[in-house]
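# Fold and geometry: a report
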Amino acid sequence: MDTIKLLLVEDDPSLRYIVQSGLEDIIEGYEVLAAANGEEGLAMWREHRPDVILSDIEMPVMDGYEMVKRIREVDKETPIIFSSGLVSPKNVLKGYELGANNYIKKPFIPEELDAHIHALLKLSKGEKSKDESECYKIGKEYVLDATHAILKHSSGENKTLTAREAGLLQMLCENRGDVVRREAILDKFWNTEDDYFASRSLDVFVTKLRKLIAEDSSVSIKTVKGVGLMLEENI
């Protein structure tokens, strides 16, 4: 099995060292990327795209809840485990609502964590293999086949999209009725440090997508000034 790349987000330096050392010593091993708070964790996730994330909840600068919320705006698939002493039903429910896949209570041993991680990765791979095509109904007239990047009209006419167009439209479909922040969209589809170029490029893509669905008056892509975009339907 390939080495698992794990992002560890933990503000306690002693515990961070213990967990990192324990995972790196496990047979088959882990490549551990360590961050001291949610803000650092978010930056490392963007740069390295780990296989799994293990995060504390209560941390300075940015807590684990906020970090996971921002990651899940862009990435719905990477398994995320919260490690915390906060295991009341209220805390657990909030974590799952934000997109965490599992909880592990502190203190824990590396072998226990290793078992959790392998179970999540196995489940994740199984779910991906079952999803041959992801389709989304848009308004009254359109269906997006995101897997094959095709926008289908009820008349039978199909329009081929670029991967980025299909991905952006899928992201809006998955969050229909809610505002998707521009920052989240740019994080997912524009891997560049040129913020001005990326922002203008996004505007061009949105203009094209609006034209593609213009025949159906029941659906539109709204711009929420200063925040982001929303797929709005009136059916």
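As annotated in an unreviewed UniProt entry, the protein chain is Response regulatory domain-containing protein from Bacteroides cellulosilyticus CL02T12C19.

Our focus in this paragraph is the overall build of the protein chain. For the protein chain, the count of helices and strands is 8 helices and 12 strands. For the protein chain, the spread of C-alpha atoms along the principal axes amounts to about 60 × 35 × 35 Å. Out of the 235 residues belonging to the protein chain, those deemed buried represent 44%. Split by element, the accessible area of the protein chain, about 12700 Å² in all, is 51% carbon and sulfur. Seen as two clouds, the 31 positive and the 43 negative side-chain charges of the protein chain have centres 7 Å apart.

Take the UniProt feature "modified residue: 4-aspartylphosphate" (unreviewed entry) in the protein chain next. Here, the residues flagged by UniProt with the feature "modified residue: 4-aspartylphosphate" (unreviewed entry) are Asp56. What makes Asp56 buried here is its relative accessible area of 5%. Discounting chain neighbours no more than four positions away, the residues touching Asp56 are Val9, Glu10, Asp11, Gly64, Phe82, Ser83, Ser84 and Lys106.

Looking now at the nonpolar core. Counting residues in hydrophobic clusters, the biggest one holds 51 residues, and the most contacted among them are Leu144, Leu151 and Ile185. Among the domains, domain 1 (4–125) and domain 2 (135–233) are the pair contributing at least three residues each to this core. With near-sequence residues (within four places) excluded, Ile185 lies in contact with Leu168, Met171, Val180, Trp190, Leu202 and Leu229. Counting 17 residues, the second largest nonpolar core, distinct from the first, contains Leu8, Ile26, Tyr30 and Ile81.

What follows covers the domain arrangement of the protein chain. Taken as a whole, the protein chain is organised into domain 1 (4–125) and domain 2 (135–233). Taken together, the contact pairs 6 residues of domain 1 with 8 residues of domain 2. Summed over both sides, the interface of domain 1 with domain 2 buries roughly 640 Å², with 37% coming from carbon and sulfur. Ranking the residues of domain 1 by area buried against domain 2 places Arg46, Glu73 and Val74 at the top, with a combined share of 69%. Our count for the contact surface shared by domain 1 and domain 2 stands at 3 salt bridges. Close ionic contact of Arg46 with Asp187 constitutes a salt bridge, the shortest N to O distance being 2.9 Å. Taken together, domain 1 and domain 2 are joined by 4 residue pairs in polar contact (both at pLDDT 80 or more).

Bringing the packing of helix α3 (residues 64–74) against helix α7 (residues 182–189) into the picture now. One can describe the packing of α3 onto α7 by two numbers: an axis separation of 8 Å at closest approach and a directional angle of 60 degrees. Relative to α7, the element α3 lies oblique. Relative to α7, the crossing made by α3 is right-handed. Along the contact surface, α3 presents Arg70, Glu73 and Val74, while α7 presents Glu183, Ala184, Asp187 and Lys188. Considering only residue class, the contact of α3 with α7 consists of 2 nonpolar, no polar and 5 charged.

Take the environment of Arg176 next. Among the secondary structure elements, Arg176 is positioned in the loop between α6 (163–174) and β10 (180–181). Along the sequence, Arg176 and Glu232 sit 56 residues apart, while their C-alpha atoms lie 6.5 Å from each other.

The next subject is the state of the cysteines. Tallied over the full model, the rule gives 0 disulfides. No disulfide involves Cys135; its sulfur sits 11 Å from that of Cys173, the nearest cysteine. Assessed through its relative accessible area of 4%, Cys173 is described here as buried.

Criteria and cut-off values
- Residues numbered from 1 in each chain as written.
- Predicted model: local features only at pLDDT ≥ 70, side-chain atom pairs only at ≥ 80, totals over all residues.
- Heavy atoms only, no water.
- Helix = DSSP H or I, 4+ residues; strand = E, 2+ residues; numbered from the N terminus.
- Buried < 20%, exposed > 50% of the residue type's maximum accessible area, 1.4 Å probe, protein only.
- Areas by Shrake-Rupley, 256 points an atom, 1.4 Å probe, with all protein chains shown as cover.
- Lys, Arg positive; Asp, Glu negative; His and termini not counted.
- Charge placed at Lys NZ, Arg CZ, Asp CG, Glu CD.
- UniProt positions renumbered as here; feature names shortened; annotations may be inferred.
- Contact = heavy atoms within 4.5 Å.
- Core = buried A, V, L, I, M, F, W, Y, C linked by side-chain atoms within 4.5 Å.
- Domains from an automatic or database assignment.
- Buried area = accessible area lost by both parts, 1.4 Å probe.
- Salt bridge = Lys/Arg side-chain N within 4 Å of Asp/Glu carboxyl O.
- Polar contact = N/O pair within 3.5 Å; in protein donor to acceptor, adjacent residues only side chain to side chain.
- Axes fitted to C-alpha atoms, helices over the stretch in contact; angles between N-to-C directions.
- Parallel < 35°, antiparallel > 145°, perpendicular 65-115°, else oblique.
- Left-handed = near helix turned anticlockwise from the far one by under 90°.
- Nonpolar A, V, L, I, M, F, W, Y, C, P; charged D, E, K, R; others polar.
- Disulfide = S-S within 2.5 Å.

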